[in-house]
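Here is what each chain is made of, one letter per residue.
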Amino acid sequence: MLKFVGLAAAVLIAVAGFHYASVAQAPAPAFEKKQYNYGDWTKGRFSEVVTVTGPGKMIFVAGTGPEQEMTGAIQFKDNFLEQCRYAYGKVKKMLAAHGATMSDVVRQVVYVVDVRNREDYGKCRTEAFQGATLPASTGIYVSALAWPYMLFEVEITAVVAR
């Protein structure tokens, strides 16, 4: 009887070891990012839904505008298009510091002073996302931003595979 118990214990330990080894070596779920559009009018303008599955690193970029990186001075006063380009340039640098590009952006929220800047914003966004699928986006027109002469600000969320 003692031999039988010893043998049963050895088999149980071996089975548990094989199970643990197979679980430990199981591949991580694949990383996948997908964009969806349900309304015809949104296609090519922005993604209505972005889904992210699998292991990934989320990157949140705070509201970024035309503030000079070292001094905070507003750049390109009274020039919306150049402020927008400058802000997206800063975003690209921050994303690159974390292994991401504009193609990894899944959501953006844009704040624009004066609805008359809408066409310039469209041009700037096209330049910033050149070659990338446009993310889920929200545009908000406001009367003012954090600093005088600030005309544009963008918040970004990006996801990259680990």
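Residues numbered from 1 in each chain as written. Predicted model: local features only at pLDDT ≥ 70, side-chain atom pairs only at ≥ 80, totals over all residues. Heavy atoms only, no water.

1. A few points about the pattern of salt bridges
Here is step 1 of the chain: Under the counting rule described, the total for this entry stands at 7 salt bridges.
Here is step 2 of the chain: Across the pair Lys90 and Glu67 runs a salt bridge whose closest N-O atoms are separated by 3.3 Å. Of the two residues, Lys90 is situated in helix 2 (residues 80-96) and Glu67 in the loop between strand 3 (56-64) and helix 2; the sequence distance between them amounts to 23 residues.
Here is step 3 of the chain: Here Lys90 falls in the buried class, since its relative accessible area comes to 9%.
Here is step 4 of the chain: Overall, Glu67 belongs to the buried group, its relative accessible area being 17%.
Here is step 5 of the chain: Across the pair Arg85 and Glu82 runs a salt bridge, and its minimum N-O distance is 2.6 Å. Here Arg85 pairs with Glu82, and both are found in helix 2, just 3 residues apart, close to one helical turn.
Here is step 6 of the chain: We classify Arg85 as partly exposed; its relative accessible area is 28%.
Here is step 7 of the chain: What makes Glu82 partly exposed here is its relative accessible area of 24%.
Here is step 8 of the chain: Each of the salt bridges in this network shares a partner with another, and the network as a whole consists of Glu82, Arg85 and Glu127. (Salt bridge = Lys/Arg side-chain N within 4 Å of Asp/Glu carboxyl O. Helix = DSSP H or I, 4+ residues; strand = E, 2+ residues; numbered from the N terminus. Buried < 20%, exposed > 50% of the residue type's maximum accessible area, 1.4 Å probe, protein only.)

2. Comments concerning the layout of surface pockets
Here is step 1 of the chain: Estimated volume of the largest pocket: approximately 360 Å³.
Here is step 2 of the chain: For the lining of the largest pocket, the elements supplying multiple residues, two or more each, are strand 4 (105-113), helix 3 (118-128) and strand 5 (136-142).
Here is step 3 of the chain: When its residues are assigned to classes, the lining of the largest pocket shows 6 nonpolar, 5 polar and 3 charged. (1 Å grid on protein atoms, 1.4 Å probe; cavity = no way out; pocket = protein on both sides within 12 Å on 5 of 7 lines; lining within 4 Å. Points joined across faces, edges and corners; volume = space filled by probe spheres on them. Nonpolar A, V, L, I, M, F, W, Y, C, P; charged D, E, K, R; others polar.)

3. Quick word on the environment of Val142
Here is step 1 of the chain: With respect to the element layout, Val142 can be found in strand 5.
Here is step 2 of the chain: When the C-alpha positions of Val142 and Tyr111 are compared, they lie 6.6 Å apart, and in sequence the two are 31 residues distant.
Here is step 3 of the chain: The contacts of Val142, once residues within four sequence positions are left out, are Tyr111, Val112, Val113 and Asp114. (Contact = heavy atoms within 4.5 Å.)

4. Structural notes on helix 3
Because an α-helix packs 3.6 residues into every turn, residues spaced three or four apart end up facing the same way.
Here is step 1 of the chain: Within helix 3, burial applies to Tyr121, Cys124, Arg125 and Ala128. Each buried residue of helix 3 sits inside an arc of 100 degrees when the element is viewed along its axis, so together they form one side. In this structure, helix 3 carries Glu119 and Thr126 as exposed residues pointing more than 90 degrees from its buried face.
Here is step 2 of the chain: Against helix 2, strand 4, strand 5 and strand 6 (152-161) lie the buried residues of helix 3. (Arc of directions from axis to C-beta.)

5. Brief notes about the sheet that holds strand 3
Here is step 1 of the chain: The 4 strands lie next to each other as 3-6-4-5, forming an open sheet whose pairing is mixed. Edge positions in the sheet fall to strand 3 and strand 5, since each has one partner strand and no second. Put simply, the sheet's adjacent strands are angled 10 degrees from each other on average, direction ignored.
Here is step 2 of the chain: The strands that helix 2 touches are strand 3, strand 4 and strand 6; relative to strand 6, the one it contacts most, it runs at about 25 degrees.
Here is step 3 of the chain: Sitting on the sheet, helix 3 touches strand 4, strand 5 and strand 6, and the angle it makes with strand 4 is about 150 degrees. (Pairing = 2+ DSSP bridges. Axes fitted to C-alpha atoms, helices over the stretch in contact; angles between N-to-C directions.)

6. Details of helix 2
Here is step 1 of the chain: Spanning 17 residues, helix 2 covers 24 Å between terminal C-alpha atoms, matching the ideal 24 Å at 1.5 Å per step.
Here is step 2 of the chain: In this structure, the buried side of helix 2 is in contact with strand 3, strand 4, helix 3 and strand 6. (Expected span 1.5 Å × (residues − 1).)

7. Quick look at the state of the cysteines
Here is step 1 of the chain: Inspection of every chain in the model, using the stated rule, returns 1 disulfide.
Here is step 2 of the chain: Put simply, Cys84 and Cys124 are joined by a disulfide, and their sulfur atoms are 2.2 Å apart. Across the S-S bond of Cys84 and Cys124 the torsion is about -100 degrees, and the bridge reads as left-handed. Note that Cys84 is positioned in helix 2 and Cys124 in helix 3, a separation of 40 residues in sequence.
Here is step 3 of the chain: Relative accessible area serves as the criterion here: at 0%, Cys84 is assigned to the buried category. (Disulfide = S-S within 2.5 Å.)

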